[in-house]
Amino acid sequence: MKEYGEIIELQGDKTVIKIKRSSACASCKACSIGTCSDEMLITVPNSLNGKAGDYVELQLGSDQVLKASAISYLIPLSALILGVAGGYAFAGKFDWNPELTGSISGLLLMVLSFFIIKGMEPKFKKENQFTPMMVKIINRLQKGEVEDGK
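Residues numbered from 1 in each chain as written. Predicted model: local features only at pLDDT ≥ 70, side-chain atom pairs only at ≥ 80, totals over all residues. Heavy atoms only, no water.

The next point concerns the overall build of the protein. When you go through the protein residue by residue, the secondary structure sums to three helices and five strands. Counting helices and strands in the order they occur from the N terminus, the protein gives β-β-α-β-β-α-α-β. A burial count over the protein gives 24% of its 150 residues as buried. Taking the intrachain contacts of the protein between residues at least 6 apart in sequence as the baseline, contacts between residues at least 24 apart amount to 68%. Accessible area for the protein stands at about 10,100 Å²; split by element, carbon and sulfur atoms hold 63% of it. (Helix = DSSP H or I, 4+ residues; strand = E, 2+ residues; numbered from the N terminus. Buried < 20%, exposed > 50% of the residue type's maximum accessible area, 1.4 Å probe, protein only. Contact = heavy atoms within 4.5 Å. Areas by Shrake-Rupley, 256 points an atom, 1.4 Å probe, with all protein chains shown as cover.)

So this is what it looks like as structure tokens:
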């Protein structure tokens, strides 16, 4: 997945890049719960020694996108299903209402999975596993470089 953005700030060996949300990003609707603009800020390693005002091409590998999607969607879904099945089995041993017990345990396990994923976020950020990387500066006009026009 490729995106283009402008470096707006340098923070040590990292850069803050302003990206205009693409149609793929807009179709996700993950952030439509809040009040999001059509732009977002992302912090990435400054691997190309970009400077404020440079436009850059960012890339996130398809394997990283699939892994992030699996973590975001499949783990909570699996937790929900496991919780419902476990709740049904558990309710039978104690003569409780299986539908109610399964529903509650499924929801609780799914919410717990979200907290676990959120707790792992610092590790993912530290390892830059799901962070796009700068692959090209596309408009630095110095020393004979040609503008890419994007």
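That covers the picture; the talk isn't over yet.
With antiparallel pairing, the five strands of this open sheet are ordered in space as 3-2-1-4-5. Each having just a single partner strand, strand 3 (39-45) and strand 5 (133-137) make up the two edges of the open sheet. This sheet shows a mean twist of 45° between the axes of neighbouring strands, independent of strand direction. The pairing of strand 2 (residues 14-20) with strand 3 spans seven bridges and is classified as antiparallel. Across the sheet, valine 16 pairs through a bridge with threonine 43, a residue of strand 3. (Pairing = 2+ DSSP bridges. Axes fitted to C-alpha atoms, helices over the stretch in contact; angles between N-to-C directions.)

Okay, helix 2 (residues 62-94) next. With 33 residues, helix 2 should cover 48 Å at 1.5 Å per step; its first-to-last C-alpha distance of 47 Å lies within 8% of that length. The sharpest bend along helix 2 reaches about 35° and sits at alanine 70. Turning to helix 2, its buried residues are Ile71, Pro76, Ala79, Gly83, Gly87 and Ala91. Considering only its buried residues, helix 2 is in contact with helix 3 (98-127). Just beyond helix 2, the residue with positive phi is aspartate 95, at close to 55°. (Expected span 1.5 Å × (residues − 1). Bend = angle between axes of the 7 residues up to and from the residue.)

Take the packing of helix 2 against helix 3 next. Running from N to C, helix 2 and helix 3 cross one another at 150°; their axes reach a closest spacing of 7 Å. Remark: the crossing between helix 2 and helix 3 carries right-handed chirality. Looking at the contact of helix 2 with helix 3 residue by residue, the classes come out as 16 nonpolar, eight polar and one charged. (Left-handed = near helix turned anticlockwise from the far one by under 90°. Nonpolar A, V, L, I, M, F, W, Y, C, P; charged D, E, K, R; others polar.)

Of the pairings in the sheet, the one linking strand 1 (residues 2-11) to strand 4 (residues 55-59) comprises five bridges and is antiparallel in character. Within strand 4, the position partnered with lysine 2 by the bridge is glutamine 59. As defined by bridge partners, strand 4 adjoins strand 5 across four bridges and the pair is classed as antiparallel. Following the sheet pairing, glutamine 59 is matched in strand 5 by methionine 133.

Here we take up the environment of leucine 77. Within the element layout of this structure, leucine 77 appears in helix 2. Taking C-alpha positions, leucine 77 is 9.4 Å from glycine 106, a pair spaced 29 residues apart along the chain.

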